[in-house]
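# Chain and residue survey
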Amino acid sequence: LDTSGSMERYGGAPETFAKALVFECLRQAHRRARRCCLFAFSAGEELQELELDLSAGGLERLLEFLQMAFHGGTSLEEVIRASIQRIGSSGGQWRNADILLVTDGEVPEPSGIVVEALRAAREESGARVYGIVVGPKAGRVMAGLCSDLYCL
């Protein structure tokens, strides 16, 4: 979940819409008994992680998590690395996981090393990368990273 400064534009509408989309995706995953881990990111080390637990306490933590934002620059480097690490961890519990990138599309291209690591992780784990771009700037970066890309 992109929480960079550009998501604040238009009175924060892109960020609010993106958070509502993420909430619904998490709800649907829970209905299908799929584990979820949510990363909020901006640039550099501005990255927070929450493993979803839809107990009463887990829902409270999720709502608190969705209220926070970094509002800094934007980089996909760290969130992609964290996603790759998550997929490769826990003895295969995240095998065939989906990665969902929700952003306004104003993202610089990740380094070749990160792109190649993502490609390798997709092949090894069966993961798919979905992108949802909230706004008009989908661009080639998101198209190059995602198995499926949706522009809203």
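Structure's up top.
These remarks concern the structure in this document. (Residues numbered from 1 in each chain as written. Predicted model: local features only at pLDDT ≥ 70, side-chain atom pairs only at ≥ 80, totals over all residues. Heavy atoms only, no water.)

### Quick look at unusual backbone geometry
- Positive phi is not limited to glycine here, since His71 has a value of about 55°.
- Relative to the assigned elements, His71 resides in the loop between helix H2 (56–67) and helix H3 (77–88).
- For Asn96, which is not a glycine, the phi torsion comes out positive at approximately 60°.
- The residue Asn96 is located in the loop between H3 and strand E3 (98–103) in this model. (Helix = DSSP H or I, 4+ residues; strand = E, 2+ residues; numbered from the N terminus.)

### Section: the pairing of strand E1 (residues 37–41)
- Most of E1 sits out of view: 5 of its 5 residues are buried.
- The alternating pattern of E1 places Cys37, Phe39 and Phe41 on one face and Leu38 and Ala40 on the opposite face, and all of these are buried.
- As defined by bridge partners, E1 adjoins strand E2 (residues 47–51) across 5 bridges and the pair is classed as antiparallel. Across the sheet, residue Phe41 finds its bridge partner in E2, namely Leu47. (Buried < 20%, exposed > 50% of the residue type's maximum accessible area, 1.4 Å probe, protein only. Pairing = 2+ DSSP bridges.)

### Points about the sheet that holds E3
- Read across the sheet, 3 strands follow the order E3-E4-E5 without closing on themselves; strand pairing throughout is parallel. At either margin of the open sheet sits one strand with a lone partner, and together these are E3 and strand E5 (148–151). The mean angle between the axes of side-by-side strands here comes to 15°, regardless of whether they run parallel or antiparallel.
- With 4 bridges connecting them, strand E4 (residues 128–133) and E5 associate as parallel partners. From the neighbouring strand, Gly131 faces E5, where its bridge partner is Leu149. (Axes fitted to C-alpha atoms, helices over the stretch in contact; angles between N-to-C directions.)

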